[in-house]
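Next come the chains, spelled out residue by residue.
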Amino acid sequence: MLQLNPLSITVYFALLTEAFAQPPGTVSPLAKICGPSASVVCINKYASVMPYHFFREPSYNGSYEDTYPSTMVPNDTSWGLVGKADFLVFDQGRGLDLLGPSPSYEYIFEVNDAVHEAPVYSPVTNKLYFSQLRGTTSPPGFLPQLVVNLNVDPPELGELISDPPIYAPNGGTIHNGLIYWGVSGGNNSVGGIEGRPGIATLDPLTNKTVTLLNNYFGYYFNTVDDLFVHDNGDIFFTDPQYSWFNALTDTAPQLETASYRFTPATGAVSVINDDIVQPNGIAIAPAVAGCPRTVYISDTGAIAGTTQQSLGPQGLEFNTTGKRTIYAFDLSENGKHLLNKRPVYLAQDWVPDGLKVAANGYIVTGAGKGVDVLDSDGTLLVRVQTNFTVENFAWTGANYEDLWIVGNSGVARVKWALEGQVLK
């Protein structure tokens, strides 16, 4: 919920008492119901010229999360539709097309307030696997992974402890039938065994895990937040500092924040980028004949904390003016380097956390209380609005058209026409 400081409230309502001449070109109405149901609302011309006096309170001290619908626009009565919609459509042609004839958003499971991450769908078991990390009232140390059984209707939520256990996966994908976890937990007590941030696999048929990586020349990784597996078997992953901020590890960061390429066949780890403040989501676009593959990495530096071992984990603060940008890179022809970095999207809400690419090349990212869908150039097409803060998501089903969303306090499902890449 938006919380205005007393000065902002005083100034804002004082301005409401004044008459404002609206500039030529003011968009009116800003929003309208469109598409197949009242849950779909189109934003007219991206609300690019709002009527005065409008105001959106930014967050500078981490005390609240500002959102797009909480923008105050008293001189356009249509703005009230924005906060009530399940789907905000910014590009009506392409947006309604990707939603399909009967899009739906359904809140499926209420879970605790912990961060929930690393959703991975196994088509072999027809189950969705994800993790629970920590929250304001949910302490770290939760060992099992959570599993949604999609073989029954309605789906059922259960728990899984693998053999040996994997603590706090933060990112995940599937490759050749194995779930690849980006492991963020680092300690020597949870589960009675020592674990450090790294990469591990889980065989969903046998429940057996194998650690593939747990250090960089003796240093602990910071988090291992997200990852994807290239066609050649190399694993690309990000390593921000969130495990320390969230008390998921007992050791302060030993390495700079960076992104890496890991070759399991040889054990070699190579840095591929080290100029992003907090590298978070990472994803690769489908191959297009005659073009280099595109890799996307999100920078969530707007959320950070202190890194001193002597102070211990101090939690996180959000600053609207910090980095919350998705960058695109070209993957070199030999698949080893990231080239031609360029920004493609500045998140409209919160930070771009979970990050994936649809089968048609659209970029999809979890950002605050919603999921944003962008074209490959970073233009916002659609936003799915949720009733909880989103950390990540995964496509499921025979046609990969169901999007399962996980985050603080909730698990939801979107049915639409946007298909995910087929991962097996």
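What you see is a predicted model; the values in this text were computed from it and never measured. (Residues numbered from 1 in each chain as written. Predicted model: local features only at pLDDT ≥ 70, side-chain atom pairs only at ≥ 80, totals over all residues. Heavy atoms only, no water.)

Student: Account for the nonpolar core, naming residues and giving values.
Tutor: The biggest cluster of nonpolar side chains holds 41 residues, and the ones touching the most others in it are Leu-98, Trp-416 and Leu-418. Apart from the residues lying within four places of it in its own chain, the contact partners of Leu-98 are Tyr-362, Val-373, Leu-381, Val-382, Trp-416, Ala-417 and Leu-418. Ala-47, Met-50, Ile-363 and Leu-380 belong to the second-largest nonpolar core, a separate cluster that totals 28 residues. (Core = buried A, V, L, I, M, F, W, Y, C linked by side-chain atoms within 4.5 Å. Buried < 20%, exposed > 50% of the residue type's maximum accessible area, 1.4 Å probe, protein only. Contact = heavy atoms within 4.5 Å.)

Student: Kindly report on the layout of surface pockets, identifying the contributing residues and their values.
Tutor: Taken as a whole, the second largest pocket encloses approximately 540 Å³ of empty space. Residue lining of the second largest pocket: 30 residues in total, with Thr-173, Ile-174, Phe-228, Gln-421 and Leu-423 positioned closest to the centre. Breaking the lining of the second largest pocket down by element, the ones donating at least two residues are β5 (116–122), β9 (169–175), β13 (227–229), β17 (279–284), β23 (352–357) and β27 (390–396). In terms of residues, the lining of the second largest pocket owes the most to one element, β9, which gives four residues. Its residues placed into classes, the lining of the second largest pocket shows 18 nonpolar, seven polar and five charged. (1 Å grid on protein atoms, 1.4 Å probe; cavity = no way out; pocket = protein on both sides within 12 Å on 5 of 7 lines; lining within 4 Å. Points joined across faces, edges and corners; volume = space filled by probe spheres on them. Helix = DSSP H or I, 4+ residues; strand = E, 2+ residues; numbered from the N terminus. Nonpolar A, V, L, I, M, F, W, Y, C, P; charged D, E, K, R; others polar.)

Student: Residues and numbers for the pairing of strand β26 (residues 380–385), please.
Tutor: Among the six residues in β26, six count as buried, and that is most of the element. Relative to β26, strand β3 (residues 87–89) runs antiparallel, the two sharing three bridges. Among the inter-strand pairings, Val-89 is bridged to a residue of β26, identified as Val-382. Bridge count between strand β25 (residues 370–374) and β26: five bridges; the pairing is antiparallel. Following the sheet pairing, Leu-374 is matched in β26 by Leu-380. (Pairing = 2+ DSSP bridges.)

Student: Lay out the packing of aromatic side chains in plain terms, naming residues and giving numbers.
Tutor: If you walk through the whole model with that rule in mind, you get 16 aromatic pairs. Geometrically, the ring pair formed by Tyr-68 and Trp-79 is edge-to-face, given 5.2 Å between the ring centres and 85° between the ring planes. In this pair, Tyr-68 is assigned in the loop between β2 (40–43) and β3 and Trp-79 in the loop between β2 and β3, connecting sequence segments eleven residues apart. Exposure remark for Tyr-68: the relative accessible area of 10% places this residue in the buried category. By the ring-pair criterion, three or more aromatic residues cluster together here, those being Tyr-216, Phe-217, Phe-221, Phe-237 and Tyr-260. Seen from the ring of Phe-393, Lys-356 lies directly overhead, with NZ or CZ sitting 4.9 Å from the centre. (Phe/Tyr/Trp six-rings, centres within 6.5 Å; stacked < 30°, edge-to-face > 60°. Lys NZ or Arg CZ within 6 Å of the ring centre and 35° of its normal.)

Student: Could you give an account of the pattern of salt bridges, with specific residues and numbers?
Tutor: Evaluated as defined, the whole model comprises 15 salt bridges. Put simply, Asp-66 and Arg-56 hold a salt bridge, and the shortest N to O gap is 2.8 Å. With Asp-66 in the loop between β2 and β3 and Arg-56 in the loop between β2 and β3, this residue pair connects regions lying ten residues apart in the sequence. Residue classification places Asp-66 among the buried positions, given a relative accessible area of 3%. In this structure Arg-56 comes out as partly exposed when scored by relative accessible area, which is 24%. The structure contains a network of salt bridges with shared partners spanning Arg-56, Asp-66, Asp-349, Asp-372 and Arg-383. (Salt bridge = Lys/Arg side-chain N within 4 Å of Asp/Glu carboxyl O.)

Student: Residues and numbers for the environment of Ile-363, please.
Tutor: Here Ile-363 is to be found in strand β24 (residues 363–367). For the pair Ile-363 and Asp-153, spaced 210 residues apart in the sequence, the C-alpha separation amounts to 30 Å. Setting aside chain neighbours within four positions, we find Ile-363 in contact with Tyr-296, Ile-326, Val-344, Leu-355, Lys-356, Asp-372, Val-373, Leu-374, Asp-375 and Ser-376.

Student: So what about the sheet that holds strand β1 (residues 31–33)? Which residues, and what values?
Tutor: The strand order β1-β2-β3-β26-β25-β24-β23 describes an open sheet built from seven strands, whose pairing is mixed. Both edges of this open sheet fall to β1 and β23, since each of them pairs with a single strand only. Adjacent strand axes in the sheet meet at a mean angle of 25° when their direction is disregarded. Strands in contact with helix α2 (residues 92–99) are β1, β2, β3, β25 and β26; relative to β26, the strand with the most contacts, it is inclined by about 45°. (Axes fitted to C-alpha atoms, helices over the stretch in contact; angles between N-to-C directions.)

Student: Go over empty space enclosed by the protein, please, and point to the residues and values.
Tutor: Using the criterion set out here, one finds one cavity of 30 Å³ or more in the structure. Estimates place the volume of the largest cavity at around 60 Å³. Partitioning the lining of the largest cavity into residue classes produces five nonpolar, five polar and no charged.

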